[in-house]
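A structural walkthrough
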Amino acid sequence: MNEKIYLSSPHMSDEGYEQQYVKEAFDTNWVAPLGPNVTGFENEMASKVGIGYAAALVSGTAAIHMALIAAGVKEGDIVLCQSLTFSATANPIIYQKAIPVFIDSDYETWNMSPKYLEEALTKYPNAKAVLVVHLYGLAADMDKIMSLCKKYNVTLIEDAAESLGTLYKGKYTGTLGDYGIFSFNGNKIITTSGGGMLISNDEERIQKVRFWSTQARDKARHYQHSELRCPLMPVM
Ligand SMILES: Cc1ncc(COP(=O)(O)O)c(C=O)c1O
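This next bit is on helix H7 (residues 142–151). Since one α-helical turn is 3.6 residues long, residues separated by three or four positions face the same way. Taken together, the buried positions of H7 are Met 142, Ile 145 and Cys 149. Across the axial projection of H7, the buried residues extend over an arc of 70 degrees, all falling on one side. Opposite the buried face of H7, at more than 90 degrees from it, the exposed residues are Asp 143, Ser 147, Lys 150 and Lys 151. Those residues of H7 that are buried lie in contact with helix H6 (114–123), strand S4 (129–133), strand S5 (155–159) and strand S6 (167–168). Within two residues after H7, Asn 153 carries a phi angle of roughly 55 degrees, on the positive side.

Quick look at the structure:
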């Protein structure tokens, strides 16, 4: 094998834009989790998938965690979560000391079965959130899942970590529920090495998540924090 070809990353464009942007980040001293490139990435992603707002975060797992907090999930709450998935989908439920109730998949989509979701919602009508996954680029049965969430007034979070670019009836996965998340881990469709994004049409919630995820520092000249960085998170 030609070593040079092997070493050139499969994630790199032929034009070498990525190296250009890395150089620009150093030249302009924006080696930071914020700045014009991060804001540009958020805006371009939001417009590409057709959603109002996006917040770039350190990982897809952090985006799920923030979605749960934004949805008000706290200790003791029930979250209905797809069982066939990567463990990162469910872990943030435990970080919140909430209770995951796992919902099996169906044969058609490999994702959350609306039939079993309905059974679970009948049993747990006060569930705080539903966490559906679009695994391996396959969309879940969203029409049925969305109408159940509406009926039971429960927040719908879509884990689209593996499905950036998947269309469901003309809409991108991640944009159908109340919140969607993407992962930019090294094994994902596009990568920032490690990274993630929370998307929503709720501007206030996305702004709040950006505030929490950037040290929750008040607008004061001195260091003032009137809120915890991870509100609702139980002290371990
Ligand atoms: C379905 C699913 N959810 C969540 C994650 C977590 O993303 P991250 O590794 O960016 O935290 C991944 C991938 O790692 C995933 O495949």
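Let's pick the thread back up.
Looking now at the packing of H6 against H7. It is at 10 Å that the axes of H6 and H7 come closest, and there the two elements cross at 10 degrees. Classified by the interaxial angle, the pair formed by H6 and H7 is roughly parallel. Along its contact with H6, which presents Pro 114, Leu 117, Glu 118 and Leu 121, the element H7 presents Lys 144, Ile 145 and Leu 148. The residue makeup of the contact of H6 with H7, split by class, is 5 nonpolar, no polar and 2 charged.

Moving on: the site of the ligand. Looking at the ligand, there are 14 residues lining it, with Ser 59, Gly 60, Thr 61, Ala 88 and Ser 183 nearest. Considering only residue class, the shell around the ligand consists of 4 nonpolar, 8 polar and 2 charged.

Glancing now at the environment of Thr 61. Examined against the element boundaries, Thr 61 turns out to sit in helix H4 (residues 60–70). Distance from Thr 61 to Ala 88, taken between C-alpha atoms, is 5.8 Å for residues 27 residues apart in sequence. The residues contacting Thr 61, other than those within four sequence positions of it, are Ala 88, Asn 91, Pro 92 and Gly 196.

The residue Leu 84 is located in the loop between strand S2 (78–82) and helix H5 (91–95) in this model. When near neighbours in sequence (up to four residues on either side) are disregarded, Leu 84 contacts Ser 105, Trp 110 and Leu 135.

Okay, the confidence of the model for the chain next. Here the chain averages 93 in pLDDT, and 94% of its residues register 70 or above. Of all helices and strands in the chain, the one with the weakest mean pLDDT is helix H1 (residues 3–7) (47), whereas S5 scores best (99). Within the model, pLDDT remains below 50 along residues 4–9, and this stretch shows 1 contact once partners closer than five positions in the same chain are excluded.

What counts, and at which threshold
Residues numbered from 1 in each chain as written. Predicted model: local features only at pLDDT ≥ 70, side-chain atom pairs only at ≥ 80, totals over all residues. Buried ≥ 20, exposed ≤ 12 C-beta atoms within 10 Å, placed from the backbone. Helix = DSSP H or I, 4+ residues; strand = E, 2+ residues; numbered from the N terminus. Arc of directions from axis to C-beta. Contact = placed C-beta atoms within 7 Å. Axes fitted to C-alpha atoms, helices over the stretch in contact; angles between N-to-C directions. Parallel < 35°, antiparallel > 145°, perpendicular 65-115°, else oblique. Nonpolar A, V, L, I, M, F, W, Y, C, P; charged D, E, K, R; others polar. Near = placed C-beta within 6 Å. pLDDT = per-residue confidence, 0-100.

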